[in-house]
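Structure assessment
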Amino acid sequence: QVQLVESGGGLVQAGGSLRLSCAASRSFFRANTMGWYRQAPGKQRELVATISSSGSTNYADSVKGRFTISNGDALNTVYLQMNGLKPEDTAVYYCNAQRYGIYNYWGQGTQVTVSS
C-alpha cells in the first residue's frame, strides 16, 4: 500500500518560511493530483493547494501569493513552500494524493505552528 510521508513542519515566527515535503513510499506510484490540506483545532479540514499531472495548480484564496506548490518526478513527490506565514496558518498539514478517482491517500500530517 502507498504511504505518504510528510516532513518540514515546525515552529516559526510570523513572517517566516517553511518548506513542506511529501513523498510516496512506492516509487511506481504516480498521482494524477497531489495536494496539501490543513486542519486547525476546532475547524474543518480545508484545501491549501493542489497540483495536477499537467502542472495545473490551485490555491486557497487565503494562501495565494504566499504559498507555492510544486512537484518532483511525475507527482511522486510534492512540496509546499510557505512564505510570509501568519498565526492563522497554524494547523496540521496533510498531504493528499489521488489517482484515477480510485486511489485516495492521506499522510499522517505534520504540525505547523506560527507564533506572533
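Look up a bit, the structure's there.
Our subject in this report is the structure included herewith. Here the residue index of a chain counts from 1 through its sequence in written order. Local features in this predicted model are restricted to residues of pLDDT 70 or higher, and side-chain atom pairs are both shown and tallied only at a pLDDT of 80 or more, whereas totals for entire chains, interfaces and linings draw on every residue. Heavy atoms from the whole structure form the basis of all side-chain values; hydrogens and water molecules are not counted.

Regarding the sheet that holds strand S3 (residues 18-24)
By definition, two strands form a pair when at least two bridges between them are found by DSSP. A run of DSSP states H or I qualifies as a helix once it reaches four residues; a run of E qualifies as a strand once it reaches two. Both are numbered from the N-terminal end. Taking strand neighbours across the sheet as the criterion, the 4 strands line up as S1-S3-S8-S7 in an open arrangement whose pairing is antiparallel. The open sheet has two edge strands with one neighbour each: strand S1 (4-7) and strand S7 (67-71). Recorded for the sheet is a direction-independent mean angle of 15° between the axes of neighbouring strands. For S7 and strand S8 (residues 77-82), the ladder comprises 5 bridges, and the chain directions are antiparallel. When the sheet's bridge partners are listed, Asn 71 is paired in S8 with Val 78. Angles shown run from 0 to 180 degrees and are taken between the N-to-C directions of axes, each axis being a line fitted to C-alpha atoms and, for helices, limited to the stretch in contact.

Focus: the nonpolar core
The tendency in soluble globular proteins is for nonpolar side chains to be buried side by side. Definition of nonpolar core: a set of buried residues of the types Ala, Val, Leu, Ile, Met, Phe, Trp, Tyr and Cys, connected through side-chain atoms within 4.5 Å. Each residue is assigned to one of three classes by its accessible area relative to the maximum for its type, calculated with a 1.4 Å probe on protein chains only: buried under 20%, partly exposed between the two thresholds, exposed over 50%. Core analysis: the biggest nonpolar cluster contains 32 residues, and Leu 4, Met 34, Trp 36, Leu 80, Met 82 and Tyr 93 have the highest contact counts within it. Elements with a minimum of two residues in this core: S3, strand S4 (33-39), strand S5 (46-52), S7, S8, strand S9 (91-99) and strand S11 (110-115). Contact between two residues is taken to exist if any of their heavy atoms lie within 4.5 Å; hydrogens are not considered. With near-sequence residues (within four places) excluded, Tyr 93 lies in contact with Glu 6, Leu 20, Trp 36, Tyr 37, Arg 38, Val 48, Phe 67, Leu 80, Met 82, Gly 109, Thr 110 and Val 112.

Some remarks on the environment of Ile 69
Structurally, Ile 69 is set in strand S7. Under the relative-accessibility criterion, Ile 69 is labelled buried at 4%. In this structure, the C-alpha to C-alpha distance between Ile 69 and Ser 54, residues 15 residues apart in sequence, is 13 Å. The contacts of Ile 69, once residues within four sequence positions are left out, are Met 34, Gly 35, Trp 36, Ala 49, Thr 50, Ile 51, Thr 57, Tyr 59, Val 78, Tyr 79 and Leu 80.

Here we look at a nonpolar patch on the surface
Residues Tyr 100, Ile 102 and Tyr 103 make up a contiguous nonpolar surface patch of roughly 390 Å² in combined accessible area. The residue Ile 102 is located in the loop between S9 and strand S10 (103-106) in this model. Taking relative accessible area as the criterion, Ile 102 reaches 66% and is therefore assigned exposed. Each patch is built from residues that are more than 30% exposed by relative accessible area and take part in no salt bridge. Like charges join if they lie within 9 Å; nonpolar side chains (Val, Leu, Ile, Met, Phe, Trp, Tyr) join within 5 Å. Reported accessibility uses the Shrake-Rupley method at a 1.4 Å probe radius. Residues are deemed covered only where the shown protein chains occlude them. Any Lys or Arg side-chain nitrogen found within 4 Å of a carboxyl oxygen on Asp or Glu counts as a salt bridge.

Some remarks on the state of the cysteines
Note on terminology: pairs of cysteine sulfur atoms within 2.5 Å are recorded as disulfides. Going through the model one piece at a time under the given rule, you end up with 1 disulfide. Here Cys 22 is linked by a disulfide to Cys 95, with a sulfur-sulfur distance of 2.0 Å. One quick way to see it: the torsion about the S-S bond of Cys 22 and Cys 95 is about -85°, and its sign makes the bridge left-handed. Here the residue Cys 22 occupies a position in strand S3, and Cys 95 occupies one in strand S9, the gap between them amounting to 73 residues. Assigned by exposure class, Cys 22 and Cys 95 land together as buried.

Nothing here speaks to function; it is all geometry.
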